[in-house]
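Given next are the chains, with one letter for each unit.
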Protein chains: 2
Amino acid sequence: MGEFELLARLRERLGAPGPRVRLGAGDDAAVTVPGGATATSVDALVEGVHFSRETAPLASIGFKALAAALSDLAAMGAEPGEAYTALGVPPDLDEDGCLELLAGLEQLAAETGTTLAGGDVSRAPVLSLAITVVGHGPEPGRFVTRSGARAGDAVVLTGELGGAAAGLRLLGDPALGDALDRGTADALRERQLRPRPRLDEGRALAAAGAAAMIDLSDGLGGDAGHLAAASGVRLELDMTEVPLQAGVAEIAEALGVEPLEFAAGGGEDFELLACVAPDQLGEAGRALEALGCTLTVIGRCVAGEGLALSGRDRREIRPRGFDQLA
Amino acid sequence: MGEFELLARLRERLGAPGPRVRLGAGDDAAVTVPGGATATSVDALVEGVHFSRETAPLASIGFKALAAALSDLAAMGAEPGEAYTALGVPPDLDEDGCLELLAGLEQLAAETGTTLAGGDVSRAPVLSLAITVVGHGPEPGRFVTRSGARAGDAVVLTGELGGAAAGLRLLGDPALGDALDRGTADALRERQLRPRPRLDEGRALAAAGAAAMIDLSDGLGGDAGHLAAASGVRLELDMTEVPLQAGVAEIAEALGVEPLEFAAGGGEDFELLACVAPDQLGEAGRALEALGCTLTVIGRCVAGEGLALSGRDRREIRPRGFDQLA
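Treat the numbers as computed from the prediction; the structure is a model and nothing was measured.

> Can you walk me through the overall build of chain A in this structure?
Each helix and strand counted, chain A has 10 helices and 12 strands in total. Over its C-alpha trace chain A gives a radius of gyration of 20 Å, about what one expects of a compact globule, namely 20 Å for 326 residues. Here the C-alpha coordinates of chain A stretch approximately 55 × 50 × 40 Å along the principal axes. The buried share among the 326 residues of chain A stands at 59%. The contacts in chain A between residues at least 6 apart in sequence include a share of 86% that link residues at least 24 apart. Surface exposure of chain A reaches about 12,100 Å², of which carbon and sulfur atoms provide 48%.

Below, the structure written as structure tokens:
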């Protein structure tokens with residue numbers, strides 16, 4: 001099957017476009033009518049770097065690639081709009097495989113109201129997906145950046161951490177799950193394979209007046225440091241306040257590592273870390289509760305710079321180590 | 001150098017953002033205020049599939065990747081706005097190499113008024129670039145799609161064809177240029193390495209009422225067929241009318257191939273093919289002349305479907321053969 005035929009097959013499978021999309025995939029460009037202001041982000045997943053086809057089904061690879069991209073829109077408090085996918089297809093991935101991958105993308109697109117509006121297909125040595133997502137908002141100032149935190153703000157966290165890292169270990173060694181009930185183990189695997197971007201929660205936190213926000217794609221340690229640097233404040237976090245997903249402690253114990261290492265350094269949990277003025281904490285908490293999501297105060301912003309982690313020996317809490325590029 | 005450090009270095013090098021960009025690279029997403037309607041396109045270049053570092057300097061690889069993406073905006077008649085780059089960095093490309101690649105992107109971005117507003121960097125087995133470009137227009141109906149051609153329209157072509165394919169052969173075998181003067185040979189190489197997207201010409205043709213338009217990225221034969229299929233008309237093209245870039249005939253003769261094969265099947269010339277009602281031809285031609293670009297009538301639209309090429313043995317005019325993906 002050639003590139004054009006695959007593109008045509010992919011297009012046939014796309015759902016109906018959203019109301020902002022006036023022309024979807026198949027022309028030189030997709031045409032949209034944006035909503036006042038847009039937030040645009042790109043996220044790439046490369047086989048052997050970010051995932052392995054040995055442990056991740058193709059549909060979950062597509063799902064997760066879109067989830068990682070949409071998580072950046074969640075961190076802006078943006079309404080998800082369109083996604084564009086550059087797909088690199090290796091020699092051993094056939095048409096059915098490409099369509100399975102797309103089915104995963106479509107599943108999350110449908111769940112989140114995102115339109116798959118276009119893309120490109122190319123041969124490549126390994127499977128790779130570069131996904132550009134466009135989110136909408138009424139005006140630029142309504143998006144929440146990383147740079148608006150002020151000394152005195154509380155630092156809050158949605159949901160629970162550590163599940164994605166524990167799930168990854170579990171996928172690599174199913175025996176690690178022997179001490180867990182099936183539902184708990186399934187939830188850890190799902191967290192790794194099909195993470196849900198916190199889109200509704202991000203918009204709720206934006207509406208509640210969050211001053212700064214970031215999604216935890218690289219791990220609490222690293223991402224909190226990025227927010228601190230962008231805002232010019234110091235973040236003091238009490239790691240004993242960080243909620244862990246059920247089963248994380250058991251997997252960590254079986255591996256002989258500190259559970260918080262999964263939470264702080266594991267990454268890919270795609271929870272949101274936000275800075276909120278104390279007098280808006282109540283509103284933010286109620287808004288998240290209405291969405292069925294916990295919101296936990298895990299620290300505060302103070303004058304200064306950098307990140308201070310207390311509650312455990314700091315040396316145990318490392319940002320995920322990125323391998324050297326060269 | 002880790003991913004974050006490279007991203008920071010790349011950001012330092014970016015020029016000032018355009019007026020629509022309210023927040024550039026470095027946060028979770030770039031923030032823009034679009035102009036009524038947007039046209040968005042994605043184009044990916046993969047080493048070993050679309051280019052070789054043996055014949056193409058790194059700066060030209062970056063330049064051409066952005067050119068290929070912007071050419072799709074040209075074909076919509078859109079004003080270039082922002083570009084987002086997902087960069088896959090192989091083990092043998094160091095920081096200086098990445099910055100050289102970016103310098104090529106920046107050069108064309110500056111020439112065209114495009115803002116490099118964000119992106120992602122990842123390790124990858126080979127060098128790859130997936131570029132998403134966003135163009136702007138006052139309203140969706142002002143963009144020119146592939147599907148608006150009607151029977152009776154003239155088929156017009158900007159500029160000259162064949163140069164990119166001849167330039168590629170010349171890069172692979174410099175001796176092929178022995179019969180050419182230096183300026184002609186340089187222009188062929190430049191056409192291959194640093195193609196200029198016809199952005200001004202695309203907007204001029206849109207303003208002159210072009211009914212349908214496509215850029216010639218895959219070759220006249222293939223792309224004219226796409227336009228015919230999208231519009232539901234038959235395109236009758238007289239290949240003897242197609243202007244060839246200087247030096248194409250000599251390179252083709254040295255290789256023992258038909259010069260029109262480079263024009264019809266070579267691809268990557270990034271000229272525009274448009275369908276224009278006969279009573280608007282004069283306006284279109286004058287608008288292009290004012291931009292210093294030729295506009296040549298090479299055929300017409302008739303009722304029916306598909307593509308008819310006359311003026312040469314049709315068997316010689318093949319769309320570029322895409323290798324099988326699987």
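> Quick question: what am I supposed to make of unusual backbone geometry here?
Negative phi values dominate among residues other than glycine, just as trans dominates among peptide bonds. Residues and elements named next belong to chain B. Look at Glu268: it is not a glycine, yet its phi comes out positive at around 70°. Here Glu268 shows up in the loop between helix H9 (259-265) and strand E10 (272-276). On the basis of relative accessibility, which here comes to 14%, the residue Glu268 falls in the buried class. Positive phi values are uncommon outside glycine, yet Phe270 reaches one of about 55°. The residue Phe270 is located in the loop between H9 and E10 in this model. The exposure class of Phe270 is buried, given its relative accessible area of 4%.

> Explanation requested: helix H5 (residues 182-193) of chain A in the structure shown.
Residues spaced three or four apart along an α-helix point in a common direction, a consequence of the helix completing one turn every 3.6 residues. Residue and element names in this part refer to chain A. Helix length check: H5, at 12 residues, gives a terminal C-alpha distance of 16 Å against a target of 16 Å (1.5 Å per residue), a fit within 8%. Thr184, Ala185, Leu188, Arg191, Gln192 and Leu193 are the residues of H5 that are buried. Along its buried surface, H5 packs onto helix H2 (58-76), helix H4 (163-172) and helix H8 (248-255). Among the residues of H5, the N-terminal cap falls to Asp181, whose side-chain oxygen and the backbone nitrogen of Gly183 are separated by 3.1 Å.

> How should the interface of chain A and chain B be read in this particular structure?
How big an interface is tends to be expressed through the accessible area that disappears when the partners come together. Each side of the interface is counted separately: chain A has 64 residues, and chain B has 64 residues. Across the salt bridge formed by Asp28 of chain A and Arg146 of chain B, the nearest N and O atoms sit 2.9 Å from each other. Taken together, the links from chain A to chain B amount to 15 residue pairs in polar contact (both at pLDDT 80 or more). The element contributing the most residues to the side of chain A that touches chain B is strand E3 (residues 37-46) of chain A, with 9 residues. Where strand E2 (residues 30-32) of chain A lies against strand E3 (residues 37-46) of chain B, 3 bridges are found, and the strand directions are antiparallel. Across the sheet, Val31 of chain A pairs through a bridge with Ala39 of chain B, a residue of E3 of chain B.

> What am I meant to see in the sheet that holds strand E5 (residues 115-123) of chain A here?
Backbone-to-backbone hydrogen bonds join strands into a sheet, with any given pair of strands oriented parallel or antiparallel. Read across the sheet, 6 strands follow the order E5(A)-E4(A)-E6(A)-E3(A)-E2(B)-E1(B) without closing on themselves; strand pairing throughout is mixed. Because the sheet does not close on itself, it has two edges, and the strands there are E5 of chain A together with strand E1 (21-23) of chain B. With direction set aside, neighbouring strand axes in the sheet form an average angle of 20°. Relative to strand E6 (residues 128-137) of chain A, strand E4 (residues 79-89) of chain A runs antiparallel, the two sharing 9 bridges. When the bridges of E6 of chain A are listed, Leu87 of chain A appears paired with Leu129 of chain A.

> I would appreciate a short explanation of the sheet that holds strand E7 (residues 154-158) of chain B in the present structure.
All names here are of chain B. In space, the 6 strands of this open sheet follow the order E8-E10-E7-E11-E9-E12, with mixed pairing throughout. A single partner strand is all that each edge strand has here, and the edge strands are strand E8 (212-215) and strand E12 (306-310). With direction set aside, neighbouring strand axes in the sheet form an average angle of 25°. Taken together, the 5 bridges between E7 and strand E11 (residues 295-302) define a ladder with antiparallel strand orientation. Bridging from a neighbouring strand, Leu157 pairs with Thr296 of E11. Here helix H6 (residues 199-207) sits on the sheet and contacts E7, E8, E10 and E11; the angle it forms with E10, its principal contact strand, is near 5°. With respect to the sheet, helix H7 (residues 220-231) is in contact with E8, strand E9 (234-238), E10, E11 and E12, its orientation differing from that of E8 by roughly 150°.

> Where do I start with the side chain of Asp72 of chain A in this structure?
Here Asp72 of chain A lies in helix H2. Put simply, Asp72 of chain A is tucked away with no salt bridge, and the nearest opposite charge, on Arg146 of chain A, sits 5.0 Å away. Among the polar contacts made by the side chain of Asp72 of chain A, one reaches the side chain of Ser41 of chain A at a distance of 3.2 Å. What Asp72 of chain A contacts, discounting residues up to four positions off in sequence, is Ser41, Asp43 and Asp215 of chain A together with Asp28 of chain B.

> Would you explain the environment of Gly119 of chain B in this entry?
With respect to the element layout, Gly119 of chain B can be found in strand E5 (residues 115-123). For the pair Gly119 of chain B and Gly26 of chain B, spaced 93 residues apart in sequence, the C-alpha separation works out to 9.0 Å. Contacts of Gly119 of chain B, omitting those with residues within four sequence positions, involve Val42 of chain A together with Thr85 of chain B.

> Please clarify how the environment of Ser147 of chain B should be interpreted in this entry.
Within the secondary structure, Ser147 of chain B sits in the loop between strand E6 (128-137) and E7. Measuring from C-alpha to C-alpha, the distance between Ser147 of chain B and Ser231 of chain B comes to 3.8 Å, with 84 residues separating the pair along the chain. Not counting the four nearest positions on each side in its chain, Ser147 of chain B is found in contact with Asp27 of chain A together with Ala212, Ala230 and Ser231 of chain B. Side-chain polar atoms of Ser147 of chain B contact the side chain of Thr145 of chain B, separated by 3.0 Å.

> Can you walk me through the packing of H2 of chain A against helix H3 (residues 95-112) of chain A in this structure?
A packed helix pair is summarised by two numbers, namely the angle formed by the two axes and the spacing between the axes. Residues and elements named next belong to chain A. Where H2 contacts H3, the two axes come as close as 6 Å, and the packing angle between them is 40°. It follows from the interaxial angle that H2 and H3 lie oblique. Relative to H3, H2 is oriented so that their crossing is right-handed. Of H3, the residues touching H2 (which contributes Leu58, Ala59, Ile61, Gly62, Phe63, Leu66, Ala67 and Leu70) are Gly97, Glu100, Leu101, Gly104, Leu105, Gln107, Leu108, Ala109, Glu111 and Thr112. Looking at the contact of H2 with H3 residue by residue, the classes come out as 11 nonpolar, 5 polar and 2 charged.

Analysis parameters
Residues numbered from 1 in each chain as written. Chains lettered and ligands numbered in written order. Predicted model: local features only at pLDDT ≥ 70, side-chain atom pairs only at ≥ 80, totals over all residues. Heavy atoms only, no water. Helix = DSSP H or I, 4+ residues; strand = E, 2+ residues; numbered from the N terminus. Rg over C-alpha atoms; globule rule 2.2 N^0.38 Å. Buried < 20%, exposed > 50% of the residue type's maximum accessible area, 1.4 Å probe, protein only. Contact = heavy atoms within 4.5 Å. Areas by Shrake-Rupley, 256 points an atom, 1.4 Å probe, with all protein chains shown as cover. Expected span 1.5 Å × (residues − 1). Polar contact = N/O pair within 3.5 Å; in protein donor to acceptor, adjacent residues only side chain to side chain. Salt bridge = Lys/Arg side-chain N within 4 Å of Asp/Glu carboxyl O. Pairing = 2+ DSSP bridges. Axes fitted to C-alpha atoms, helices over the stretch in contact; angles between N-to-C directions. Lys, Arg positive; Asp, Glu negative; His and termini not counted. Parallel < 35°, antiparallel > 145°, perpendicular 65-115°, else oblique. Left-handed = near helix turned anticlockwise from the far one by under 90°. Nonpolar A, V, L, I, M, F, W, Y, C, P; charged D, E, K, R; others polar.

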